[in-house]
Amino acid sequence: MTTHETTSEAFEEKQHQGAYIFNPLEEAEDKSRPAKRRKVSKKLNKSESRKVAGAPAFPRLFGGGESERCSQLRQKLFDYSWSQIDQRIQRILREANQSTLHQVTSFLQDVPDHAPAGKIPSAFIITGPNIASQDLLFEQLSDTLHAQADATVVRLRSGDASNLKAALKKIIHDTVTNRGSADENDLELSVSKDGPKFLNYDLEALYAHLKSVPRRHVVVAFQDSEAFESGLLSDLISLFSSWLDRIPFALLFGVATSVELFEARLLKSTCQCLYGDQFDVEQSASIVDKIFKTAVAHPEAPLRLGPNYARVLLERQQDQVASIPLFISSLKYAYMCHFYANPLTVFLADDLETEALQKEHIESIRGLPSFRRLVEMHVQEGDTKQAKLLLDDDKHLIEHVRNCMGKSRQWVVNLLRILKVMAISTNPSGDFVGLYLDALLNGIDLSDQNADFRESIKRMQPADCISFSTRVLDAIKDGDLSLGLDGCVEELESTVAFLSSILTETQQLQKDAEEKGHVLRSKYSGQNKILRATVVAQKVQLSHDAAMLTDEDKAYTALIDRLMDHLQMLLRTDSAGDMPYNEIWLYDAKTPYRDVFVPRPRTVVERALSRPHDYLGCSCCKSRGDQIMPTLPATAILYQFYLETGSLINTADLWSAYFAIVGEDNDEGLDERTALVLFYRALAEMRAAGFVKQSRKKADHIAKLAWKGL
Amino acid sequence: MKGLPRKRGKKLEDTTSNDQPEVSTPRHRKPRAIGYTTPSRTNGVTAKGETPRWKRNDRSAKKKSALALIERVVGGESSDEEADEEIAQEIYESSEEEEEADEEGRLGVDESVGATTDEAATPSKRPRGRPPTKKGGRTRKKSPTPPRDLPPHELYFAQNRPGAAKTSNNTLTSLKLLTHDEYFTLLREYQDPHKEDIEFLQSLHIESFPQWAFELSQGFSVCLYGYGSKRALLHKFANHVFSNSPDHDVHKIVIVNGYVRTNSVREILGTVAGAVDPSHKLPTGGATVMLDSVKNLLSSREIHITIILNSIDAAPLRKPGMQPTLAQLAAHPQVHLVCSTDTPDFPLMWDSGLRSSFNFAFHDCTTFASYDAELEVVDDVHELLGRKSRRVGGKEGVTYVLRSLPENAKNLFRLLVGEVLAAMDDEGEGGETPGVEYRMLYNKAVEEFICSSEMAFRTLLKEFHDHQMITSRKDVMGTELLSAPFCKEELEAILEDLMS
């Protein structure tokens with residue numbers, strides 16, 4: 001550190017440059033050495049440099065008392081678990097675009113067969129508002145098109161092409177240098193090989209290049225086509241169409257709104273140059289659903305995301321059209337927080353050795369709220385021995401924790417199976433994600449919750465009942481791959497037998513009823529007919545329904561009742577919060593997420609300025625009532641005045657008000673010039689923060705630009 | 001978007017043809033228009049003449065007065081018709097006042113009776129105004145300060161009331177403004193009473209350095225926000241990263257000061273490239289070309305770069321194209337970005353695409369440290385006061401102004417800059433900026449057919465003068481000298497710009 005201090009002065013000058021390389025040791029070192037060393041280090045450190053990039057070590061928790069072994073274990077656990085999840089997510093993202101890729105590719109391959117001459121084949125890809133994941137889509141597109149359709153793809157973003165010249169330059173540059181290998185020299189060569197040298201925005205150059213490297217298509221992809229200036233687009237398209245006889249152009253448009261709207265922005269004559277087809281991309285909502293299933297709800301996910309956290313995440317996704325990458329980052333951040341700051345995460349390791357655990361671990365386990373509940377429950381049940389064991393015997397406790405960890409995994413699988421069954425029901429009360437979060441929060445208990453589900457089961461028509469039973473049976477047999485559920489016929493043998501019997505009985509009853517010439521129904525099923533207009537009519541209908549029940553109907557009613565009872569018994573689970581030691585595998589804190597991903601900088605700055613004491617914690621600035629203390633930072637004082645002014649501020653009055661507070665009249669007041677210096681600085685800060693701007697309405701007046709709390 | 005994924009739409013060709021323009025929209029609109037009929041009640045009311053004539057007149061008067069007020073507020077200049085305005089103000093305020101009176105229950109008996117009968121007659125239609133005749137001499141002074149503890153939106157409207165912005169006519173003329181020298185001398189002597197508290201606050205932030213480093217290593221970019229300069233803190237963070245990195249050859253740190261006015265894409269990318277390989281030369285061309293080159297360079301080496309960026313929301317980095325470039329740079333897996341922001345509205349700079357390539361983790365980092373390096377306090381304040389506004393901001397300003405001027409104005413400026421540069425070369429460095437004689441410039445301008453008369457010449461010069469693009473002074477002999485208030489490099493850049 002001493003070296004830093006001695007050289008820091010030399011840096012002082014550098015510090016005000018626009019950009020510089022930070023290296024406090026450089027001055028001390030010989031200039032030639034780093035260059036030499038690099039060669040060596042490059043070979044030696046190949047594996048090590050991964051680690052450099054990897055991560056700085058996790059901190060030791062328990063106030064630094066955690067053993068290094070444990071903190072490393074946590075880090076390893078984090079790396080491993082997240083990389084597992086990440087792989088899954090990436091696979092989903094890649095797969096999500098597959099069908100679009102396939103369609104676009106086949107369109108471009110087939111286009112020469114059916115396209116009218118003189119029109120540019122163009123694919124309109126409706127990406128929706130999720131522009132953040134467009135990059136991945138277009139990257140995949142360009143890879144696939146290059147590999148399968150023998151095309152070079154140039155990706156244009158509105159930022160790259162501000163005018164026609166820049167766009168053409170980029171198109172030519174990218175086509176010529178496409179696919180690695182070619183560097184600047186190649187470009188020069190290919191452009192000026194025969195005869196005249198072309199300008200770098202002359203399509204002739206591209207033509208010349210294509211003569212030597214023929215391609216079936218030159219695909220120009222406008223990623224965010226709405227953001228392009230419409231005149232520029234029209235120009236480009238008409239230019240392309242005039243070159244179409246020499247250069248096989250094809251266009252891709254990423255359209256966020258609709259093709260009609262997009263078309264309306266182009267000239268009619270331009271539109272006529274296009275021969276297009278429209279392709280839809282899987283919408284982000286369904287992708288989020290898939291990610292949720294595989295990465296959050298999946299039983300192999302080491303970390304459960306609590307209902308509160310997940311709900312905040314999903315709500316943000318819906319309300320603010322947050323992007324999918326952001327959703328993934330948020331997931332990742334939850335993992336990071338959990339493993340970084342919770343010392344108990346070591347219990348998530350499968351191969352945790354007991355001797356690695358420290359006294360602190362045991363202590364903090366005993367401090368967990370869920371542990372206390374557990375002990376209290378034992379005491380209430382009169383099982384004081386177990387409670388004592390848990391409290392006194394460390395070994396027993398660790399064993400118990402391990403057992404419970406195993407149980408929690410079983411619990412997750414069970415929960416997912418139940419949800420699967422519930423989702424099968426004909427009238428699912430909400431989507432899977434909603435059901436899942438509800439179940440995490442409240443558990444599942446059909447007797448007093450999920451009335452919708454109960455009703456939908458009761459009202460099932462025989463056909464529905466049959467399909468329900470078969471689908472449940474299938475689900476039990478096959479599991480669900482996306483949720484990572486295996487078949488579980490052995491475990492649920494009784495249920496399988498029960499459902500099969502329900503199935504056959506229903507079929508039998510239906511057949512009997514048919515033979516007798518009437519339709520089988522239960523006493524509940526009448527209720528889902530159209531509501532009768534009046535209460536009386538409804539009652540009449542009801543009694544009518546009850547009266548009309550045949551023997552088969554009665555049998556079917558009994559059958560439905562039995563099914564209901566069985567389901568009630570089967571579909572029952574605790575909420576996540578009720579599980580012992582859930583703090584180890586459940587992450588449900590909203591706070592760091594909110595602050596880290598949804599910052600509220602306005603509020604923070606406003607708070608800092610209106611109550612500096614919150615941050616500074618000094619004794620002098622504690623405001624009494626609304627009094628403005630002279631010791632406040634100058635900007636804070638000005639900000640107080642600022643809050644009270646109208647939209648126009650007289651600087652002269654502002655200055656005299658300021659000086660009245662800090663000036664010589666007070667004890668320890670400042671002299672006028674020093675006060676003015678601080679006043680200047682505060683005013684400049686207000687201006688830089690965008691609170692005020694110059695106003696020409698009156699001399700020495702400034703305009704107010706921001707209102708607190710808006 | 002419709003919920004029909006992967007469905008192939010109809011061929012675009014169909015819609016491109018002009019046969020059926022805007023098929024859907026009118027079809028939807030028409031039945032609606034038929035469905036909604038104008039409520040007959042309004043017609044009936046006026047037809048029956050239930051609304052007294054004076055009331056309608058009064059309403060229109062109020063409308064007019066409101067319009068006048070709005071015009072004045074929008075126009076922003078005090079017009080000559082001061083008297084008219086006062087009347088308008090009175091009419092407008094009379095209704096407001098009445099409302100307040102209503103609320104406070106101080107209304108006279110007969111008036112309140114009148115009001116209630118009005119209400120009974122046409123409850124929903126009653127205009128808020130009241131005939132000026134009824135008002136009599138009762139005027140209640142309105143308090144200039146709005147009631148306390150208003151919710152934010154109410155406060156906004158209270159403070160933006162038309163006509164509410166009455167400020168005194170005091171000016172700062174009696175105050176001697178600060179010069180740079182005085183400012184810095186006094187500032188050096190000043191002891192901040194909060195020095196210790198600020199240091200304590202900083203030490204709190206320093207404790208989260210390992211956390212930031214962890215976030216960086218996980219592919220997040222760290223963005224610090226909150227009041228106060230974060231430059232010193234970030235410098236400490238750079239030291240932290242530096243001392244914790246085991247090998248300085250594969251892990252470099254680049255510090256960028258966003259607030260430096262001359263900062264450009266080339267400078268930033270050049271420094272990054274230089275950190276990877278000092279011998280690397282950036283290709284000439286646009287930002288994308290340079291960026292590609294830097295990215296390729298990075299991918300070919302196993303060097304990690306931590307970019308520490310002070311004030312990512314400073315004006316030089318708000319130029320178009322800057323943020324996307326930074327975002328793409330930050331998205332590179334070998335680049336870790338830590339940046340600070342100073343304004344409270346910085347998230348508006350990024351759309352969701354940029355946000356996701358930056359992949360920010362935000363941290364409240366209120367430091368209360370003063371912005372010593374970031375702001376040019378004296379210049380900023382003087383510009384704010386409109387006192388000695390710095391001439392249009394350098395080269396960009398000039399280009400901006402010239403873009404809106406006619407061709408011969410551009411030519412004249414080119415001529416002037418050329419002459420000033422020539423004069424600079426003759427006289428060498430040092431001394432005042434050399435000037436060009438007014439006469440000489442005029443003659444040259446006539447020669448080059450820029451203007452034909454002195455009148456036209458002066459008009460052109462006046463335009464420059466308004467934008468403070470030229471200065472004029474008299475030398476000892478009394479001849480008028482014209483010059484441009486820019487340094488030599490800037491002049492050369494301007495000239496280059498004008499010639500191209």
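In this text, all values refer to a predicted model and were calculated from it rather than measured experimentally.

(A) Fine view of the interface of chain A and chain B. Counting residues at the interface gives 128 residues for chain A and 119 residues for chain B. For the pairing of chain A and chain B, the buried interface totals around 11100 Å² over both sides, and the portion due to carbon and sulfur atoms is 60%. Area buried by chain A at its contact with chain B is led by A:Phe22, A:Arg673 and A:Tyr680, which between them contribute 7% of it. Where chain A meets chain B, there are four salt bridges.

(B) Quick peek at helix H6 (residues 134-148) of chain A. Residues and elements named next belong to chain A. Taking 1.5 Å as the rise per residue, H6 with 15 residues should run 21 Å; its terminal C-alpha atoms sit 21 Å apart, in good agreement. Among all positions in H6, only Gln134, Leu137, Phe138, Gln140, Leu141, Ser142, Thr144 and Leu145 are buried. Where H6 is buried, its residues contact helix H4 (68-96), helix H5 (98-114), strand S2 (120-126), strand S3 (151-156), strand S4 (217-222) and strand S5 (249-255). A positive phi of about 50° marks Asp150, the residue just after H6.

(C) Spotlight on the pairing of S4(A). Residue and element names in this part refer to chain A. S4 sits mainly inside the fold: six of its six residues count as buried. Residues of S4 alternate between two faces, with His217, Val219 and Ala221 on one and Val218, Val220 and Phe222 on the opposite face, all of them buried. Examined bridge by bridge, S3 and S4 share six bridges and lie parallel to one another. The partner of Leu156 across the bridge, within S4, is Phe222. Here S4 pairs with S5 via five bridges, running parallel. By the bridge assignment, Val219 is partnered in S5 with Ala250. A crossover links S4 with its parallel partner S5, the connecting element being helix H10 (residues 230-243), and its sense is right-handed.

(D) Spatial organisation of the sheet that holds S2(A). Residue and element names in this part refer to chain A. Read from one edge of the open sheet, five strands run S3-S4-S5-S2-S6, paired in parallel fashion. What marks the edges here is a single partner per strand, and that holds for S3 and strand S6 (274-280). With strand direction ignored, the average angle separating the axes of adjacent strands in the sheet is 20°. H10 rests against S2, S4, S5 and S6 of the sheet, and its axis sits at about 155° to S5.

(E) Structural view of helix H30 (residues 634-644) of chain A. The buried fraction of H30(A) amounts to ten of the eleven residues, a majority that puts the element mostly inside the structure. Along H30(A), the positions that sit buried rather than exposed are A:Ala634, A:Thr635, A:Ala636, A:Ile637, A:Leu638, A:Tyr639, A:Gln640, A:Phe641, A:Tyr642 and A:Leu643.

Calculation rules
Residues numbered from 1 in each chain as written. Chains lettered and ligands numbered in written order. Predicted model: local features only at pLDDT ≥ 70, side-chain atom pairs only at ≥ 80, totals over all residues. Heavy atoms only, no water. Contact = heavy atoms within 4.5 Å. Buried area = accessible area lost by both parts, 1.4 Å probe. Salt bridge = Lys/Arg side-chain N within 4 Å of Asp/Glu carboxyl O. Helix = DSSP H or I, 4+ residues; strand = E, 2+ residues; numbered from the N terminus. Expected span 1.5 Å × (residues − 1). Buried < 20%, exposed > 50% of the residue type's maximum accessible area, 1.4 Å probe, protein only. Pairing = 2+ DSSP bridges. Right-handed = clockwise from strand over helix to strand, strands pointing away. Axes fitted to C-alpha atoms, helices over the stretch in contact; angles between N-to-C directions.

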